[in-house]
Structure formats: structure tokens, C-alpha cells
Amino acid sequence: MIRFIGDVRSPIVAKCDRMRVLSSWAPYCNNMIPAEFQVEFSSVRHLTPRQFVEKLAKELGVRGVVAGENYRFGYRAAGDALELVRLCEEYGLGAYIIGSVMDKKQYARNMNSSDSKERGQVSSTRVRRALAVGDMRYVSELLGRKHRLILMAKDQEGFTSNKSRVSAPKSCLLNLAPKEGLYEKCSLFIGEDNLVPCKVVIDTKHVHIEMDEIGTFNIVGNQDLRLLCIEFGDSGT
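Residues numbered from 1 in each chain as written. Predicted model: local features only at pLDDT ≥ 70, side-chain atom pairs only at ≥ 80, totals over all residues. Heavy atoms only, no water.

1. Details of the sheet that holds strand β5 (residues 148-152)
Working step 1: As summarised here, the arrangement of the 7 strands in space is β5-β11-β8-β9-β10-β7-β6, forming an open sheet in which the pairing is antiparallel. Sheet topology places β5 and β6 (160-162) at the edges, where each strand pairs with a single neighbour. In this sheet, adjacent strand axes meet at a mean angle of 30° when their direction is disregarded.
Working step 2: Here strand β7 (residues 165-169) pairs with strand β10 (residues 206-210) via 5 bridges, running antiparallel. Paired with Val166 across the bridge in β10 is Ile209. (Pairing = 2+ DSSP bridges. Helix = DSSP H or I, 4+ residues; strand = E, 2+ residues; numbered from the N terminus. Axes fitted to C-alpha atoms, helices over the stretch in contact; angles between N-to-C directions.)

See the structure below:
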């Protein structure tokens, strides 16, 4: 899988967590975990639709393309899905156009969407808007999984503890957090196997994780701990 990067916004999925998400796709990919290759968007944004497909075929070694029915590509989004199919056939690539996955809740009108292409389809934009209002049940429905927030301790700013609370400055965030507020029925992952029930409080500067004293002791006692992984339940602000 080729991923074009260049968005300066916080990602929905942290870079270090992408393999976990890709691994969950294996049952739908002949039990194979998709490999991911990243390409800077600035290196392709100027290409015409033909030049773009040619780059996929000749430089990147792509053998097939999967795109949504409303996909646009090439400089100034000049190409559409039909042109993608035509060009892929010309360059010997397989092309598979799939229908949009629609949001059953049709929540767009409640999220002040100004996108003229918004027809109620599931999209990263819609996930971002749901996170912005703290609707974690809705976020889970859109993603098909619970949202996982990851924080990394840095040299100058790390994790601090106070009795049953562990706190981290927002500068430690590796991906997009929901809006400020209280989130109950969350889970804190310590390593791959240790799971601690918790609730999360997000304020203007910090993320606070509240749990029982046993859970806090396990965290504070691990001096090598540099990552905190929080999975949000369906409750929110």
C-alpha cells in the first residue's frame, strides 16, 4: 500500500500504531498484512493524471490500484475514477473502483460540513469532526474499532504521577486527541498484554489518566516506560 504524506495536522492513527491497524486488515487481504510505503505528496502534486499513473507503474512498481467512486487525482484534481481505470488499463495496472462506505447515522448536517462533495460517506474528515466534539461512540462506529491515543515521553517533558493519576503534557501526543473533557470506560495498555481500566481527563495542557493505585504503581515502577497507549470506550463528554 502506498500512502502519500504531507498533511501537517496530527494524524488520526499514530505512525507507530499503523502496523497494528494494517495487521487487522489481514483477514480481508488473503491473510496477508499489507505493506506500506510512504511518498511525499509534494513529489506528485504537480503531476497530470497520466504522469501520476505512469509514476505508479514505472517508478513505484504498483500492480493494482483501489480507489473510491468519487476519487480525484492529478494536478488540480483533473482526473476522476473513470480516467483512472482507462489509464491503468493503458499502463497494465489493475484498477478496482469501490462504492463509498456510507455513514448510517448521516451525521454530516449536525457537524457543519461545508464540503460540497459530502454525501454522508465515511471519511477521515468526518472522524476528525467526531473527535472534535468528543463523540467517542460515533468515532468507533466510523473507524470500525476503538480510537487509540498514544503519548510518548520526551527528554524534557515526560510522564508524572500523583497517587492514582498519571499525567502527560499534550506535547507528548503522537496522534489526534478528542476534545477537552472527561472520558470514562477507557483502557490503558502497558506493553502488549497489560491492560488497566481507567478514565481520562483532557484539559487545555495535559492528558490525565486516572486508575486505581495498583495500576499506577505498575506504571510508575517501570522506569523505561516511554509510551502510553489509551483506548477510548464509547462514553464521552
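Following the structure, the description resumes.
2. Considerations on the packing of aromatic side chains
Working step 1: All chains considered together, the criterion is met by 3 aromatic pairs.
Working step 2: Aromatic pair Phe52 and Phe73: ring centres 5.8 Å apart, planes at 45°, arrangement tilted. Placement of the pair is Phe52 in helix α2 (residues 49-59) and Phe73 in the loop between β3 (64-68) and α3 (81-90), with a sequence separation of 21 residues. No difference in accessibility class separates Phe52 from Phe73, as the two residues are buried. (Phe/Tyr/Trp six-rings, centres within 6.5 Å; stacked < 30°, edge-to-face > 60°. Buried < 20%, exposed > 50% of the residue type's maximum accessible area, 1.4 Å probe, protein only.)

3. Observations concerning the nonpolar core
Working step 1: Counting 30 residues, the largest nonpolar core has Leu188, Val200, Ile230 and Phe232 as its most contacted members.
Working step 2: Mapped by element, the contributors of at least two residues to this core are α4 (124-132), α5 (136-143), β5, β7, β8 (181-190), β9 (194-202), β10 and β11 (227-231).
Working step 3: Setting aside residues no more than four positions away along its own chain, Phe232 makes contact with Met136, Lys146, His147, Leu149, Pro178, Tyr183, Lys185, Cys186, Val200 and Ile202.
Working step 4: Within the second largest apolar cluster, 14 residues are counted, among which are Phe52, Ala67, Phe73 and Leu87. (Core = buried A, V, L, I, M, F, W, Y, C linked by side-chain atoms within 4.5 Å. Contact = heavy atoms within 4.5 Å.)

4. Some details on α4
Working step 1: Of all the positions in α4, only Arg126, Val127, Arg128, Ala130 and Leu131 are classed as buried.
Working step 2: Of the surrounding secondary structure, the elements contacted by the buried residues of α4 are α5.
Working step 3: Positive phi shows up at Gly134, right after α4, with a value of about 75°.

5. So, α5
Working step 1: For α5, the full list of buried residues reads Met136, Tyr138, Val139, Ser140 and Leu142.
Working step 2: Looking at the buried residues of α5, the elements they touch are α4 and β8.
Working step 3: Directly beyond the C-terminal end of α5, a positive phi value near 80° is found at Gly144.

6. Quick look at the confidence of the model for the protein chain
Working step 1: Per-residue pLDDT for the protein chain averages 85, and the proportion of residues at 70 or more is 81%.
Working step 2: Taking the mean pLDDT of every element in the protein chain, the minimum, 52, falls on helix α6 (residues 213-220) and the maximum, 97, on α3. (pLDDT = per-residue confidence, 0-100.)

7. Comments concerning the side chain of Ser140
Working step 1: Tracing the chain through its elements places Ser140 in helix α5.
Working step 2: The class of Ser140 is buried, set by a relative accessible area of 13%.

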